[in-house]
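Breakdown of the fold
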Amino acid sequence: MKMKLQSLIKPAFILWISCAFSVATAQSDSYEEKAKRILNATGVKGGLIVHIGCGNGKLTAALRAGDGYLVHGLDRNIKNIKQARTYINSCGCYGEVSVDFFDGQRLPYTNNLVNLVVAEDIGEVPMAEVIRVLRPKGVAYIKRKGRWTKTVKSWPDEIDGWTHYLYDATNNPVADDSE
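Bear in mind that the values here come from a model prediction, so they are computed numbers and not experimental data.

**Points about the packing of aromatic side chains**
Counted by the stated rule, this structure contains one aromatic pair. Arranged with centres 4.8 Å apart and planes meeting at 5°, the rings of Y141 and W148 form a pair that is stacked. On the basis of relative accessible area, W148 is assigned to the partly exposed category, the value being 26%.

Take a look at the structure:
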């Protein structure tokens with residue numbers, strides 16, 4: 001009986017250690033995993049990503065999934081901005097990832113610039129303002145009532161689509177834009 005108990009202690013201890021390690025790993029990877037889920041759900045493969053309500057900056061930094069990404073976090077809380085900047089600096093990615101204060105209503109970008117807007121709480125930012133800054137086919141990924149919603153900005157009718165590097169198979173570098 002004593003031998004059976006001793007033979008069970010070692011596997012139980014190993015199981016306990018592996019479970020504890022899994023929980024610690026899951027907690028440390030949670031922002032990276034969340035960023036991967038967001039990028040997979042939206043299909044965004046690079047460009048300018050805006051994170052509204054960046055908080056501590058951990059998700060903001062994780063959204064920079066490679067060299068083709070530039071991430072800008074926005075927050076209304078100065079303490080969050082300081083904390084996020086400290087975190088981003090500690091990761092060594094400040095520049096490719098940055099954070100700034102904003103008024104909570106107007107996004108500080110020109111029209112049709114942003115590839116992806118991410119917000120767990122959009123606050124007082126009107127959806128029309130989010131759409132304004134998105135490029136055509138850009139994506140807004142916003143959490144509402146506990147569920148993520150994906151909105152893709154439509155392609156304007158007045159802008160012609162290019163199928164090749166020089167417009168089409170004829171290599172004519174002139175499009176049929178209506179404006």
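**Thoughts on the pairing of strand 1 (residues 47-52)**
Burial runs high along strand 1: five of the six residues are buried. Both strand 1 and strand 2 (residues 69-75) contribute to a ladder of six bridges, which runs parallel. Counted as the bridge partner of V50 is H72 from strand 2.

**Brief notes about unusual backbone geometry**
With a phi angle near 75°, K137 is a residue other than glycine that sits in the positive phi range. Within the secondary structure, K137 sits in strand 5 (residues 134-144). Here Y167, not a glycine, exhibits a phi torsion of approximately 65°, which is positive. Turning to its location among the elements, Y167 is positioned in the segment after strand 6 (147-152).

**Looking at the confidence of the model for the protein chain**
Chain-level statistics for the protein chain give a pLDDT mean of 86 and a share of 83% at 70 or above. In the model, residues 11-27 has pLDDT below 50 throughout and makes zero contacts with residues more than four positions away in sequence or in other chains.

About the thresholds
Residues numbered from 1 in each chain as written. Predicted model: local features only at pLDDT ≥ 70, side-chain atom pairs only at ≥ 80, totals over all residues. Heavy atoms only, no water. Phe/Tyr/Trp six-rings, centres within 6.5 Å; stacked < 30°, edge-to-face > 60°. Buried < 20%, exposed > 50% of the residue type's maximum accessible area, 1.4 Å probe, protein only. Helix = DSSP H or I, 4+ residues; strand = E, 2+ residues; numbered from the N terminus. Pairing = 2+ DSSP bridges. pLDDT = per-residue confidence, 0-100. Contact = heavy atoms within 4.5 Å.

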